[in-house]
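# Close look at the chain arrangement
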Amino acid sequence: MIAVIQRAASASVIADGVQAGKCEKGLFVLLGVVDGDTEKDAEILAAKVSKLRIFTDENDKMNLSVKDVSGSVLVVSNFTLGADVSHGNRPSFTPAAHPTVAEPLYEYFASCVEKEGVPTEKGVFGADMQISLHADGPVTILMDSKIWNK
């Protein structure tokens, strides 16, 4: 499971002309589910995201989590994070999990973040979405459950 986490002053996502989700101060998370991912990947990644200390404290040090700043999370599914670009210039999306596997894990990840005590909203799985992000920092963290969760 791959997550691109961006510290956000605000973020929102529109699907089919309707706002699907938003967050004010918090985290914008693009989530890619790849073959072999499990609920355990989602649980561990959600716990890590909710505790990630990337907000500044009173000494201007990145020492606070989204929970510490009473922030929220906006999660958007993004199968293109599973792209394989090792051959040629056209990405292959073969590593991305099939939607019948990916959607439940995406939903489960979002519910796990919520269970960690962080208000969480989502985009619409599989939809063509327009995203607005007012990045804060910018601070961008890449997490891959296959790399750091051995």
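The notes below deal with the structure included here.

What counts and how
- Residues numbered from 1 in each chain as written.
- Predicted model: local features only at pLDDT ≥ 70, side-chain atom pairs only at ≥ 80, totals over all residues.
- Heavy atoms only, no water.
- Helix = DSSP H or I, 4+ residues; strand = E, 2+ residues; numbered from the N terminus.
- Rg over C-alpha atoms; globule rule 2.2 N^0.38 Å.
- Buried < 20%, exposed > 50% of the residue type's maximum accessible area, 1.4 Å probe, protein only.
- Contact = heavy atoms within 4.5 Å.
- Areas by Shrake-Rupley, 256 points an atom, 1.4 Å probe, with all protein chains shown as cover.
- Lys, Arg positive; Asp, Glu negative; His and termini not counted.
- Charge placed at Lys NZ, Arg CZ, Asp CG, Glu CD.
- Expected span 1.5 Å × (residues − 1).
- Salt bridge = Lys/Arg side-chain N within 4 Å of Asp/Glu carboxyl O.

Before going further, it helps to examine the overall build of the chain. Scanning the chain from terminus to terminus reveals three helices and eight strands. Across the chain, helices and strands are ordered from the amino to the carboxyl terminus as β-β-β-α-β-β-β-α-β-β-α. Scaling as 2.2 N^0.38, a compact globule of 150 residues should have a C-alpha radius of gyration of about 15 Å, and the chain matches this with 15 Å. Here the C-alpha coordinates of the chain stretch approximately 45 × 40 × 30 Å along the principal axes. For the chain, with 150 residues in total, the buried portion stands at 43%. If you take every contact in the chain between residues at least 6 apart in sequence, the share linking residues at least 24 apart comes to 73%. Taken as a whole, the chain presents about 8000 Å² of accessible surface, with 52% of it coming from carbon and sulfur. Side-chain charges of the chain comprise 14 positive and 20 negative groups, with the mean position of each set lying 6 Å from the other.

Under the 1.5 Å per step criterion, the end-to-end length of helix α2 (residues 99-115) is 24 Å for 17 residues, consistent within 8% with the ideal 24 Å. Residues of α2 that are buried: Ala102, Leu105, Tyr106, Tyr108, Phe109, Ala110, Cys112 and Val113. Phi turns positive, to about 95 degrees, at Gly117, one or two residues after α2.

Another aspect to go through is the pattern of salt bridges. Throughout the structure, instances matching the rule amount to three salt bridges. Among the ionic pairs, Asp136 bridges to Arg7, the shortest N-O distance being 3.3 Å. With Asp136 in strand β8 (residues 129-144) and Arg7 in strand β1 (residues 2-15), the pair connects residues that are 129 residues apart, well separated along the chain. Between Lys51 and Glu116 there is a salt bridge whose closest N-O contact spans 3.0 Å. Taken together, the residues Lys51 in helix α1 (residues 39-51) and Glu116 in the loop between α2 and β7 (120-122) connect sequence positions 65 residues apart. Accessibility expressed as a relative area gives 47% for Lys51, which makes it partly exposed.

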